[in-house]
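Now for the letters of each chain:
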Amino acid sequence: MTLNDFPYLHGFSATEQARLRKQARLFEPAIFHDIDFRNARHILEVGSGVGAQTEILLRRFPELRVTGIDLNERQLAAANAHLAEMPWLRERAEFQRANASDLPFEPRSFDGAFLCWVLEHIPSPARALAEVRRVLSPGSPVFVTEVMNASFLLDPYSPNLWRYWMAFNDFQIDSGGDPFVGAKLGNLLLAGGFRDVQTQTKTVHLDNREPARRKVMFALWEELLLSAAEQLLEAGKVDQATVDGMRAEFTQVQNDPNAVFFYSFVQARATVY
């Protein structure tokens, strides 16, 4: 979800929107391996962004309808444009501007919910989950996938990149977000009245066993890091020397034949009763 009055870390440029679509495709096998909406007919996607995950949901579950919400008009326009390119999917999706903490839907409007990389940006994830629970019918499954940024590692060790990453997380915390919310999903869902809460940690660990995939992930991650550079500089979280050093170190890591990429995130499943 992208709040119009919230300093969203990555911005809304066309480059960033393209990165989100690439990211969705790259992480699809890990994120969707355990997601099951086969018994659902109309689900709510909170923080639908550019519609990249919506496309995957519609493709994987041919009987599904998806209502996606987001607060940023540019993201909503991008989502509509993205699905318009796939008319065989477009008729099963709709997007509207809405606040996750105050959903404009009646109780029991949906029979499933999907949230991915969204609670990290919401100042009150508990309130958002309470709203999700309110609009779901009994028995509805909820799948939540979230970041756990303390897990990130690149090898060889790169001090400027590490300082930049810490500033990246500090900025998100100072802005009301939570780059470590993935580890808290179990508590949040239990406190929100959900049942059958299960969590699992999923890890992307790339080294010489998958050099081609590692190269693609490095390129994506560099785009992710650089998408925040302007805001971090303006906020005084980093200086230009750190940004330049980070970029140089990232190039060195990418060119290292024994480089390692490691990142873990958390996925939760729960049920509404």
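Residues numbered from 1 in each chain as written. Predicted model: local features only at pLDDT ≥ 70, side-chain atom pairs only at ≥ 80, totals over all residues. Heavy atoms only, no water.

> What is the right way to read the overall build of the protein from this model?
Summing up its helical and strand segments, the protein has 10 helices and 8 strands in all. Relative to a compact globule of 273 residues, whose C-alpha radius of gyration would be 19 Å, the protein shows 18 Å and is just as compact. Here the C-alpha coordinates of the protein stretch approximately 50 × 35 × 35 Å along the principal axes. By the burial criterion, 56% of the 273 residues in the protein qualify as buried. The long-range share in the protein, meaning contacts at least 24 apart out of those at least 6 apart in sequence, stands at 82%. Seen as two clouds, the 28 positive and the 34 negative side-chain charges of the protein have centres 5 Å apart. (Helix = DSSP H or I, 4+ residues; strand = E, 2+ residues; numbered from the N terminus. Rg over C-alpha atoms; globule rule 2.2 N^0.38 Å. Buried < 20%, exposed > 50% of the residue type's maximum accessible area, 1.4 Å probe, protein only. Contact = heavy atoms within 4.5 Å. Lys, Arg positive; Asp, Glu negative; His and termini not counted. Charge placed at Lys NZ, Arg CZ, Asp CG, Glu CD.)

> What exactly am I supposed to notice about the packing of helix H1 (residues 14–32) against helix H3 (residues 73–84) here?
A pair of packed helices is captured by two measures, namely the crossing angle of their axes and the spacing between those axes. Two elements in contact, H1 and H3, have axes whose closest approach is 11 Å; the angle formed by their N-to-C orientations is 55°. Between H1 and H3, the crossing angle belongs to the class labelled oblique. Here H1 and H3 pass one another in a crossing that is right-handed. Two secondary-structure elements touch here, H1 through Gln17, Leu20 and Arg21 and H3 through Arg74, Gln75, Ala78 and His82. Of the residues that constitute the contact of H1 with H3, the class distribution is 2 nonpolar, 3 polar and 2 charged. (Axes fitted to C-alpha atoms, helices over the stretch in contact; angles between N-to-C directions. Parallel < 35°, antiparallel > 145°, perpendicular 65-115°, else oblique. Left-handed = near helix turned anticlockwise from the far one by under 90°. Nonpolar A, V, L, I, M, F, W, Y, C, P; charged D, E, K, R; others polar.)

> Help me out: how do you make sense of helix H8 (residues 211–226) in this one?
For an α-helix, the turn length of 3.6 residues means that residues three or four places apart are oriented alike. End to end, H8 covers 23 Å across 16 residues, agreeing with the expected 22 Å (1.5 Å per residue, within 8%). Along H8, the positions that sit buried rather than exposed are Arg214, Met217, Phe218, Leu220, Trp221, Glu222, Leu224 and Leu225. (Expected span 1.5 Å × (residues − 1).)

> Could you clarify how one ought to interpret the nonpolar core in this entry?
Generally speaking, nonpolar side chains in soluble globular proteins are found buried as a group. If you look at the biggest cluster of nonpolar residues, it comprises 59 residues, and the most contacted ones within it are Phe27, Phe37, Tyr164, Met217, Trp221 and Phe261. Beyond its immediate stretch of four places on either side in the chain, Phe27 contacts Trp117, Val204, Met217, Leu220, Trp221 and Phe265. Counting 29 residues, the second largest nonpolar core, distinct from the first, contains Leu103, Phe105, Ile122 and Val144. (Core = buried A, V, L, I, M, F, W, Y, C linked by side-chain atoms within 4.5 Å.)

> Teacher, can you tell me more about the pairing of strand E5 (residues 141–147) here?
Within a regular beta strand, the side chains point alternately toward one face of the sheet and then the other, so they alternate between its two faces. When you tally the buried positions in E5, you get 7 out of 7 residues, the bulk of the element. Pairing of strand E4 (residues 113–116) with E5, which is carried by 4 bridges, proceeds in the parallel orientation. Of the residues in E5, the one forming a bridge with Phe114 is Phe143. Crossover connection from E4 via helix H5 (residues 125–134) to parallel E5: handedness right-handed. (Pairing = 2+ DSSP bridges. Right-handed = clockwise from strand over helix to strand, strands pointing away.)

> Would you take a moment to explain the confidence of the model for the protein for this structure?
Interpretation of this model should avoid reading the predicted coordinates in detail wherever pLDDT is low. For the protein, the average pLDDT comes to 94, and 96% of its residues sit at 70 or higher. Segment residues 1–5: pLDDT under 50, and 21 contacts once partners within four positions in sequence are set aside and those in other chains are kept. (pLDDT = per-residue confidence, 0-100.)

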